[in-house]
Amino acid sequence: MRLSQDMYQPLDLPIDFEAFYLGHQEPFHAYAEVHFGTRELAEEVIHEVFLQIHAGWTQLLSSGSLEQGAWAIMRRAVHDRLEREGRAPAFVINGPITQALAPALATARDKLHKMESTSGLYEAIAELPNRQFEVIVLRYILGYPTAKVAWYVGIDERTVGHHLRRGKERLRIKLGLPDDRKKPHQKGERT
């Protein structure tokens, strides 16, 4: 079978869309792969996501929140696919965690190593509110620095920090871990 010459013609995509694709395809694929467990399925879903983003490109550009809008499309596509297939994200199924979530959860590492399964942690992560879930997955499971998380999700770095702290605190409470944060000394209290 001989392929048509038209198949080798580059697509006529806006240059700003191409730049957006190049800057975002890596984290989108990584996020999807963590959820689906395979690169193949992640690529399939993210291909559809970028088709949706391209279809609404003009509207997304004029919305003033391009990153947030595109991230919402991607997040919804991943969630909808998991729901249609009736399964939990792969990171819930594929345990064990390879690193501690953060210094605030450092004591969890010992407890997790002693447990038969770390699925409680992954299930707790999966139950976090959307924004906390996203920043925890991007920062601690995928290992992106805070600045990159902020850029991908379209929020300020300080807001990422806020969501990380809130998410870690929810996880600490959900997993029944001690509160190891430094408490300020009361006046007259001995140290």
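Structural notes on the overall build of the protein
No. 1: Within the protein one finds 10 helices and 0 strands.
No. 2: The proportion of buried residues among the 191 residues of the protein is 37%.
No. 3: Contacts in the protein between residues at least 24 apart in sequence constitute 69% of all its contacts with a sequence separation of at least 6.
No. 4: Here the protein has roughly 12,000 Å² of accessible surface; of this, 51% comes from carbon and sulfur atoms.

Here's the deal with the packing of aromatic side chains
Aromatic ring pairs are defined here through the distance separating the ring centres and the angle between the ring planes.
No. 1: Following the criterion strictly, the structure yields 10 aromatic pairs and no others.
No. 2: Centre to centre, the rings of Tyr31 and Phe133 are 6.5 Å apart; their planes meet at 80°, and the pair counts as edge-to-face. Remark: Phe133 occurs in helix α8 (residues 130-141) and Tyr31 occurs in helix α1 (residues 15-36); sequence separation between them is 102 residues.
No. 3: Note on Tyr31: relative accessible area 2%, which makes it buried.
No. 4: Grouping aromatic residues by their ring pairs yields a cluster made of Phe17, Phe20, Tyr21, Phe28, Tyr31, Phe50, Trp57, Trp71 and Phe133.

As for the nonpolar core
No. 1: By size, the foremost hydrophobic cluster in this structure holds 45 residues, and its most contacted members are Phe28, Val49, Ile53 and Ile125.
No. 2: The set of elements that each furnish at least two residues to this core consists of α1, α2 (39-55), α3 (57-63), α4 (66-85), α7 (119-126), α8, α9 (146-153) and α10 (157-174).
No. 3: If sequence neighbours within four positions are ignored, Phe28 has contacts with Ile46, Val49, Phe50, Ile53, Ala70, Trp71 and Met74.

Here's the deal with the pattern of salt bridges
No. 1: Under the definition given, this model contains 10 salt bridges.
No. 2: Between Arg172 and Glu169 there is a salt bridge, and its shortest N-O distance comes to 2.6 Å. Highlighted residues: Arg172 and Glu169, both in helix α10, separated by 3 residues, approximately one helical turn.
No. 3: The exposure class of Glu169 is partly exposed, given its relative accessible area of 22%.
No. 4: The network of salt bridges with common partners includes Glu44, Arg81, Glu85 and Arg87.

With respect to α9
No. 1: Buried within α9 are the following residues: Val149, Ala150, Tyr152 and Val153. Seen end-on, α9 carries its buried residues on one side only, within an arc spanning 165°.
No. 2: Gly154 lies just past α9 and shows a positive phi near 85°.

Details of the packing of α2 against α4
No. 1: Their axes nearest at 10 Å, the elements α2 and α4 cross at an angle of 135°. Considering their axes alone, α2 and α4 lie oblique with respect to each other. With respect to the hand of their crossing, α2 and α4 are arranged in right-handed fashion. Counting all contacts with α2, which are made through Leu41, Glu44, Val45, Ile46, Val49, Gln52 and Ile53, the residues of α4 involved are Ala70, Ile73, Met74, Ala77, Val78, Arg81 and Glu85.
No. 2: Here the contact of α2 with α4 is composed, by residue class, of 10 nonpolar, 1 polar and 3 charged.

Things to note about the packing of α8 against α10
No. 1: It is the contact of α8 with α10, at a shortest axis distance of 8 Å, that shows an interaxial angle of 95°. Between α8 and α10, the angle is such that the two are roughly perpendicular. Note on element contacts: α10 touches α8 through Val160, His163, Leu164, Arg166, Gly167, Lys168 and Arg170, opposite Arg131, Gln132, Val135, Ile136, Arg139 and Tyr140.
No. 2: Residues belonging to the contact of α8 with α10 are distributed by class as follows: 5 nonpolar, 3 polar and 5 charged.

As for the confidence of the model for the protein
No. 1: The share of residues in the protein with pLDDT of 70 or more is 73%, and the mean pLDDT across the chain is 78.
No. 2: A low-confidence stretch, residues 93-117 (pLDDT under 50), is modelled with 32 contacts involving residues beyond four sequence positions or located in other chains.

Reading the values: the criteria
- Residues numbered from 1 in each chain as written.
- Predicted model: local features only at pLDDT ≥ 70, side-chain atom pairs only at ≥ 80, totals over all residues.
- Heavy atoms only, no water.
- Helix = DSSP H or I, 4+ residues; strand = E, 2+ residues; numbered from the N terminus.
- Buried < 20%, exposed > 50% of the residue type's maximum accessible area, 1.4 Å probe, protein only.
- Contact = heavy atoms within 4.5 Å.
- Areas by Shrake-Rupley, 256 points an atom, 1.4 Å probe, with all protein chains shown as cover.
- Phe/Tyr/Trp six-rings, centres within 6.5 Å; stacked < 30°, edge-to-face > 60°.
- Core = buried A, V, L, I, M, F, W, Y, C linked by side-chain atoms within 4.5 Å.
- Salt bridge = Lys/Arg side-chain N within 4 Å of Asp/Glu carboxyl O.
- Arc of directions from axis to C-beta.
- Axes fitted to C-alpha atoms, helices over the stretch in contact; angles between N-to-C directions.
- Parallel < 35°, antiparallel > 145°, perpendicular 65-115°, else oblique.
- Left-handed = near helix turned anticlockwise from the far one by under 90°.
- Nonpolar A, V, L, I, M, F, W, Y, C, P; charged D, E, K, R; others polar.
- pLDDT = per-residue confidence, 0-100.

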